[in-house]
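Working through the structure, step by step
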Amino acid sequence: MEASRKGELTPMTLLIGIGKAQLVFLATGILLLLLFCRIAYSLDNPESITGPLSLVALCLSALAGGIGAVRFTGDGILSGFCSGVLTMVLVRCLAALPVPSSGMDLPHTILFCLMIPVCSVCGAVLGKKRKKQNRHKYR
């Protein structure tokens, strides 16, 4: 069997990269939620801004997870999409925990579930290393 070339994307390197990207997603999410909690509690009515700030934290964390996925695997859209789907599954599993929730209705839940992979793919596209372009100097 032929040894795999350096930089070749195999299923194992994809899984390892996506696993590391999930750690980036969780770390970014925790930091953003702590920052946004501080902002919300400095206001007079923190309940009015908690929902939008948590949505922004979710989107920015998925974006950071997509950037992490592409940096760890080297592949662009595939790793970002797989990272976004795994993030969506992780968020849905955490939402199923028996804790008091805001009682979000189904259309909002579907919107959030679709938004996570899209943000992750956008992060993967933004985080992809690009080849240096030869800029011709005008003489």
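So, here is what we can say about the structure in this document.

**A word on the overall build of the protein**
Of regular secondary structure, the protein possesses four helices and zero strands. When the 139 residues of the protein are sorted by exposure, 29% land in the buried category. Across the protein, contacts joining residues at least 24 apart in sequence account for 82% of those joining residues at least 6 apart. Approximately 10300 Å² of the protein is accessible, and the part contributed by carbon and sulfur atoms is 68%.

**What about the environment of Val-70?**
Mapped onto the elements, Val-70 comes out in helix α2 (residues 47-73). Among residues more than four places away in sequence, those in contact with Val-70 are Asp-75, Gly-76, Ser-79, Ala-124, Gly-127 and Lys-128.

**Notes on helix α1 (residues 11-41)**
In this model, α1 (31 residues) spans 44 Å end to end at C-alpha, consistent with the 45 Å of a helix rising 1.5 Å per residue. Among the residues of α1, Leu-14, Gly-17, Ile-18, Ala-21, Gln-22, Phe-25, Gly-29, Leu-32, Phe-36 and Ala-40 are the ones counted as buried. Of the surrounding secondary structure, the elements contacted by the buried residues of α1 are α2 and α3 (77-95).

**Things to note about the nonpolar core**
Phe-25, Leu-58, Cys-59, Ala-62, Ile-116 and Cys-119 together form the largest nonpolar core, which totals six residues. For this core, the secondary structure elements donating two or more residues are α2 and α4 (106-127). Looking at which element gives the most residues to this core, the answer is α2, with three residues. Setting aside residues up to four positions removed in sequence, Phe-25 forms contacts with Leu-58, Ser-61, Ala-62, Gly-65, Thr-87, Leu-90 and Val-91. One finds Phe-36, Ala-40, Leu-53 and Ala-57 within the second-largest nonpolar core, a separate group that totals five residues.

Basis of the calculations
Residues numbered from 1 in each chain as written. Predicted model: local features only at pLDDT ≥ 70, side-chain atom pairs only at ≥ 80, totals over all residues. Heavy atoms only, no water. Helix = DSSP H or I, 4+ residues; strand = E, 2+ residues; numbered from the N terminus. Buried < 20%, exposed > 50% of the residue type's maximum accessible area, 1.4 Å probe, protein only. Contact = heavy atoms within 4.5 Å. Areas by Shrake-Rupley, 256 points an atom, 1.4 Å probe, with all protein chains shown as cover. Expected span 1.5 Å × (residues − 1). Core = buried A, V, L, I, M, F, W, Y, C linked by side-chain atoms within 4.5 Å.

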